[in-house]
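In case you want the letters, here they are:
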Amino acid sequence: MTEAAIHTEAQTMEVALKIWRFNSETGERELRRYEVEAPEWVTLLDVLDIIKDRVDGTLAYRKSCRMMICGSCGMRMDGAAVLACKTRMYELASAGQVPVISAMGNLPIIKDLVVDMQPFWDKFNAMKPYLQPGYVEPPDGKEHLISQERMNVIHKESLCINCGCCVSECNSMEADPDFLGPQALAKGMRFVGDPRDGAKIERLEAYNSEHGIWDCTRCYFCTERCPKGVDPRDAIAKLGAESIKEGIDRDMGAKHAKWFVKSTETTGWLRETELVPKTQGVVSAIKEMKFAMSLARRGKVPLPVPPHVAEEVGQARALRDIIAGQGRDGALGIVQGERALGRIEHTDSGGARRDAPEVTPGEEPVQRDIGEQPGAPS
Amino acid sequence: MRRVAYYKGCLASLSAKELDISTRALAPKVGLELEELEAVTCCGAGDIHEAEPDYYLHLNARILAHGEATGADTLMTVCNVCTLNLRQANWQLQKDEALLERVNANLDAVGVPPYTGSIEVKHLLWLIAEGEGYELLKAAAHKGLKGLKIAPFYGCQILRPSKILGFEHPDRPWSLEAIIEACGGEPVDYPAKIKCCGFPIIQAREETALGELIQPIEQAYEAGADAMVTPCPLCHLSLDAWQSKLKKTTGRDFRMPILHLSQLIGVAAGFDESELLFKRHVVPVGPMLDKLQV
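Just so you know, these numbers come straight off a predicted model, no measurement behind them.

So, how was this worked out
- Residues numbered from 1 in each chain as written.
- Chains lettered and ligands numbered in written order.
- Predicted model: local features only at pLDDT ≥ 70, side-chain atom pairs only at ≥ 80, totals over all residues.
- Helix = DSSP H or I, 4+ residues; strand = E, 2+ residues; numbered from the N terminus.
- Buried ≥ 20, exposed ≤ 12 C-beta atoms within 10 Å, placed from the backbone.
- Contact = placed C-beta atoms within 7 Å.
- Nonpolar A, V, L, I, M, F, W, Y, C, P; charged D, E, K, R; others polar.
- Pairing = 2+ DSSP bridges.
- Axes fitted to C-alpha atoms, helices over the stretch in contact; angles between N-to-C directions.
- Parallel < 35°, antiparallel > 145°, perpendicular 65-115°, else oblique.
- Left-handed = near helix turned anticlockwise from the far one by under 90°.
- Domains from an automatic or database assignment.
- Core = buried A, V, L, I, M, F, W, Y, C linked by C-beta atoms within 7 Å.

Novice: Tell me what's going on with the overall build of chain A, and back it up with residues and numbers.
Specialist: From N to C terminus, chain A includes 17 helices and seven strands. Residues classed as buried in chain A amount to 42% of the 378 residues present. Contacts in chain A between residues at least 24 apart in sequence constitute 68% of all its contacts with a sequence separation of at least 6.

Novice: Account for the interface of chain A and chain B, naming residues and giving values.
Specialist: At the junction of the two partners, chain A supplies 74 residues and chain B supplies 71 residues. Contributing elements (two or more residues each) for the side of chain A that touches chain B: α7 (171-175), α10 (221-225), α11 (232-245), α12 (252-266), α13 (272-280), α15 (289-296), α16 (314-323) and α17 (338-341) of chain A. For the side of chain A that touches chain B, the element with the most residues is α12(A), which contributes nine residues. A per-class count over the side of chain A that touches chain B returns 32 nonpolar, 23 polar and 19 charged.

Novice: Tell me about the sheet that holds strand β2 (residues 29-39) of chain A, and please be specific about residues and values.
Specialist: Residue and element names in this part refer to chain A. Here we have five strands laid out as an open sheet, ordered β2-β1-β5-β3-β4, and mixed in their pairing. Of all the strands in the sheet, just β2 and β4 (80-83) have a single pairing partner and so form its edges. Each strand axis lies, on average, 35° off the axis of its neighbour in the sheet, ignoring direction. Those strands touched by helix α2 (residues 44-55) are β1 (12-22), β2 and β3 (74-77), and its axis lies near 100° from that of β2.

Novice: Let's hear about unusual backbone geometry: which residues, and what values?
Specialist: All names here are of chain B. Between Arg160 and the following residue, Pro161, the backbone shows a cis peptide bond with an omega angle of -5°. Here the phi dihedral of Arg255 falls at roughly 50°; this positive angle occurs in a residue that is not glycine. Relative to the elements of secondary structure, Arg255 occurs in the loop between α12 (243-250) and β8 (258-260). With 11 C-beta atoms counted inside 10 Å, the residue Arg255 sits in the exposed group. Even without glycine at this site, Leu277 takes up a positive phi of about 55°.

Novice: How would you explain the sheet that holds strand β3 (residues 74-77) of chain B if you had to name every residue and give the values?
Specialist: The strands that make up a sheet pair up through hydrogen bonds in the backbone, lying either parallel or antiparallel. All names here are of chain B. In spatial order, the strands read β2-β1-β3-β4; together these four strands make up an open sheet with parallel pairing. Here the strands that pair on one side only, and so sit at the sheet edges, are β2 (32-36) and β4 (120-123). Sheet twist, expressed as the average angle between the axes of neighbouring strands with direction ignored, equals 40°. In the sheet, strand β1 (residues 2-7) pairs with β3 via three bridges, with the strands oriented parallel. Directly across from Tyr6, in β3, lies its bridge partner Met76. Across the face of the sheet, helix α5 (residues 80-95) comes into contact with β1, β3 and β4 while running at roughly 160° to β4.

Novice: Any details on the pairing of strand β7 (residues 227-230) of chain B? Residues and values, ideally.
Specialist: A regular strand places its side chains on the two faces of the sheet in alternate fashion. All names here are of chain B. Judged by which residues are buried, β7 turns out to be covered on both faces: Ala227 and Val229 on one side and Met228 and Thr230 on the other are all buried. By the bridge criterion, three bridges tie β7 to β8 in an arrangement that is parallel. Counted as the bridge partner of Val229 is Leu259 from β8.

Novice: Which residues make up the environment of A:Asp140, and what values go with them?
Specialist: Residue and element names in this part refer to chain A. Assignment of secondary structure puts Asp140 in the loop between α4 (118-126) and α5 (148-152). Given 6 C-beta atoms within a 10 Å radius, Asp140 is considered exposed. Between the alpha carbons of Asp140 and Arg320 there is a distance of 39 Å; along the sequence they are 180 residues apart.

Novice: Can you lay out the packing of helix α8 (residues 181-192) of chain A against α11(A) for me, pointing to particular residues and giving the numbers?
Specialist: Residue and element names in this part refer to chain A. It is the contact of α8 with α11, at a shortest axis distance of 8 Å, that shows an interaxial angle of 50°. Taken together, α8 and α11 sit at an angle that is classed as oblique. With respect to the hand of their crossing, α8 and α11 are arranged in left-handed fashion. Counted together, Pro182, Gln183, Leu185, Ala186, Gly188, Met189 and Val192 of α8 and Pro232, Arg233, Ala235, Ile236, Lys238, Leu239 and Glu242 of α11 form the full contact between these two elements. Residues of the contact of α8 with α11, tallied by class, amount to nine nonpolar, two polar and three charged.

Novice: Residue-level account of helix α11 (residues 233-241) of chain B, with values.
Specialist: Helical geometry note: an α-helix holds 3.6 residues per turn, so side chains three or four residues apart project in the same direction. For α11(B), the buried fraction is high: nine of the nine residues fall into the buried class. Those residues of α11(B) not exposed but buried are B:Pro233, B:Leu234, B:Cys235, B:His236, B:Leu237, B:Ser238, B:Leu239, B:Asp240 and B:Ala241.

Novice: If you had to explain the domain arrangement of chain A to someone new, which residues and values would you point to?
Specialist: Residue and element names in this part refer to chain A. Along its sequence, chain A is carved into domain 1 (3-115) and domain 2 (118-134 + 146-271 + 307-338). Spacing between the C-alpha centres of domain 1 and domain 2 amounts to 35 Å. The partner domain 2 presents 15 residues to the 15 residues of domain 1 that form the contact. Elements represented by at least two residues in the side of domain 1 that touches domain 2 include exactly β3 and β4. Here the side of domain 1 that touches domain 2 takes four residues from β4, the largest share from any one element.

Novice: Go over the nonpolar core with me, naming the residues and quoting the values.
Specialist: Core analysis: the biggest nonpolar cluster contains 201 residues, and A:Val47, A:Leu185, B:Ile150, B:Ile179, B:Met228, B:Val229 and B:Ile265 have the highest contact counts within it. Per-element tally for this core: the top contributor is helix α4 (residues 53-69) of chain B, with eight residues. Not counting the four nearest positions on each side in its chain, B:Ile265 is found in contact with B:Leu26, B:Leu137, B:Ala141, B:Ile179 and B:Cys183.

Structural data, given as structure tokens:
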């Protein structure tokens, strides 16, 4: 076979998709199947382009840069938010799978795969996503020097491209649509952690609102889905740590978190029965008394006396005292740096995978060695 | 027998004692010899990671060091939150020599043996979902579940973030289904099995939490499940104890029995009530057990 023949015969494949079509004006909704011939290297976005060019010009989706920079093409594949331009189709198509493509979650759909991003931008803007003046000018009039360690704290947060994949999957936002959410809060941390910003306390006060930091349920969908490695859940934890460090701890979520610190220092284990009054206050805890009694009857409210004390609990207290003077308080205590940023292969030593290598929503497809590509000239 | 260091965590010591009791009864039947860690503390439950992250790292390093000192290569957990917190700290310490050195110096200063990074944290679920544990499980579950429909509920922190958990695909997990099948039950599939139960914010944001909690229970109910099973005592507490609040706020009374993983296997293995402690549940498990008597 000639090289040209190999290229034309071996480097295309059949790709089939099912796409949820939707028209917000008429309310019509339909799951439509498309099949196209495409080069093996295509991404999901390329396939949508081929469908729109050759099969159905009415299909609506957003795109711009095609290279994971602009954040326009967030959508769901088999229920998981992805950047269409980052999602290679080879593994799925060659396994004969027909993924379902739909619009992102937690945002209103305008048409097909296009969502209304206005609620997203409103929350983004509420974070005041720009540096606020107010820092002290260096006395010699020269520029500020900021250590790498300080900038590492906001390195991941700075990678955000505002695509909305995290917001799409946020479990708290499903239950509370007003939750500021992972994208906005990660953006907030990007400024709270920036030593050049002059409004840290005002920001932390604002982000401690009812729909702020402590509304996060730690489902980790944001971190799992983010195509850029921003890790919004970690960013929210950093905001919590900075809030508590600065004494902004009136929220029940902050009190709840602080009670765990107190518990480990005193008995080593969570002082579970005292957690409700310590979090919600005594008045609220009394209102919950009937509910608490229903749990107590089932042994779910263990008596705090005598306390359940871990052996050598003094070590935990001593550790906390020692590290207090080591300059890693607040967000600086969350492990940063390139090691924390490195992408880790999916299989850890937790156990062998039963499923075969495949394209994982939100993750890089399995990297094939260039020399082993099917159809590549040998 | 495979000897593992056993970190039972807070809830199995306190409000979810039934988890500890049933785990101890189950362990020898699936080839596990448990060496319980005594001189350890809470993992911080994600709360200390958020309040004082450097303290969180040191607390977990201390737990890992005590686990390593037993000579076992595996530290077994029975809770999603413990699993993530310990694995996250382990991941950071194993990949960053400078960090490990700093933490070890602090551990040394308070009399904790140094940690070398050799132990792996694994949930009970992972130890029995495959390999020898799974073969032993099939033999142990001799009484079976007579095709009862069981809804697996994974919760969050045993799946995500997958770069730290990594046992199975975070969107298409299979381990609970495999165990339900080995026990003679029929796994029920429903989308919310990998979503959040709302527990972390159930005190600070109850309304939001209940909005999350209702999804898995409602979907499992509508799929005809006789019971739900979870590998996490926090999910268990919210699914079981807060179900009554769903009734109050939404008017829907699901009466869905919620089982710990070790209890579900225990039923299939013929454990008696003293090893299962269903009397400690808020939603009665009786209706499910009655179906097995028929």
